[in-house]
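Notes for the structure review
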Amino acid sequence: MKLVGSSYIQRLFAALDEQTILRKPNIWRYAKENGIIYYVIQSVWLIDFDGFMKTIAFPKRKHNAALTLYSNGCR
């Protein structure tokens, strides 16, 4: 378990997408509502980074590489 501050998560997403709507209050609420481990110490939220990323990551799609090549016209 890697604990990080909510500002770290916010900066990470902002670096990837300048138009992100992810803000610290959203991160706090998401952690509380989704059972992600977090601690609040002197008003600083420490959130389980791995747990957070697992819950928001999109599921990996399985695909057949041969089918993808064939559908693109390559053989």
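Attention in this report is confined to the structure presented alongside it. Computed from a predicted structure; not experimentally measured.

With that out of the way, let us pick up the overall build of the protein. Counting secondary structure elements, the protein contains 4 helices and 3 strands. Secondary structure of the protein in N-to-C order comes out as β-α-α-β-β-α-α. Residues counted as buried form 20% of the 75 residues belonging to the protein. When contacts within the protein are restricted to residue pairs at least 6 apart in sequence, long-range pairs at least 24 apart make up 46% of them. Surface exposure of the protein reaches about 6200 Å², of which carbon and sulfur atoms provide 57%.

The subject of this paragraph is the packing of aromatic side chains. Taken as a whole and assessed by the stated rule, the structure comprises 4 aromatic pairs. An angle of 70° between the planes, with centres 5.5 Å apart, marks the rings of Tyr30 and Phe52 as edge-to-face. Within this pair, whereas Tyr30 is found in helix H2 (residues 24-33), its partner Phe52 is found in helix H3 (residues 49-56), the two being separated by 22 residues in sequence. Here Phe52 falls in the buried class, since its relative accessible area comes to 1%. Ring centres of Tyr38 and Trp45 lie 4.7 Å apart, and the angle between their planes is 15°; this geometry places the pair in the stacked category. Every member of this aromatic cluster is reached through a ring pair, and the members are Trp28, Tyr38 and Trp45. The aromatic ring of Phe49 is capped on one face by Lys2, whose charged end is 5.2 Å from the ring centroid.

Between helix H1 (residues 6-16) and H3, the shortest axis-to-axis distance is 11 Å and the interhelical angle comes to 45°. Classed by the angle they form, the pair H1 and H3 counts as oblique. Read as a crossing pair, H1 and H3 show a hand that is right-handed. Facing Tyr8, Ile9, Leu12 and Phe13 of H1, the residues of H3 in contact are Phe49, Phe52, Met53 and Ile56.

Rules of the game
For every chain, the first residue of the written sequence is number 1, and numbering continues from 1 onward in sequence order. Predicted model: local features are reported for residues with pLDDT of at least 70 only, side-chain atom pairs are reported and counted for 80 or more only, and whole-chain, interface and lining totals are derived from all residues. As a rule here, side-chain values cover all heavy atoms of the structure and leave hydrogens and water aside. Secondary structure elements follow DSSP: runs of H or I no shorter than four residues count as helices, runs of E no shorter than two count as strands, and numbering proceeds from the N terminus. Per-residue accessibility, obtained with a 1.4 Å probe over protein chains only, is compared with the maximum for each type, and a residue is labelled buried under 20%, exposed over 50%, and partly exposed between these values. We call two residues contacting when some pair of their heavy atoms lies within 4.5 Å. The Shrake-Rupley method, run with a 1.4 Å probe sphere, supplies the accessible areas, and residue values consider only the shown protein chains as cover. In summary, the pairing rule links any two rings of Phe, Tyr or Trp, Trp by its six-membered ring, whose centres are within 6.5 Å, and it sorts them by plane angle into stacked for under 30 degrees, edge-to-face for over 60 and tilted for everything else. Placement of a charge over a ring requires the Lys NZ or Arg CZ to be within 6 Å of the ring centre, with the centre-to-atom vector within 35 degrees of the ring normal. Angles shown run from 0 to 180 degrees and are taken between the N-to-C directions of axes, each axis being a line fitted to C-alpha atoms and, for helices, limited to the stretch in contact. Small angles under 35 degrees read as roughly parallel and large ones over 145 as roughly antiparallel, with 65 to 115 read as roughly perpendicular and the rest as oblique. Take the far helix as the reference: if the near one is turned anticlockwise from it by less than a right angle, the crossing is left-handed, and if turned clockwise, right-handed.

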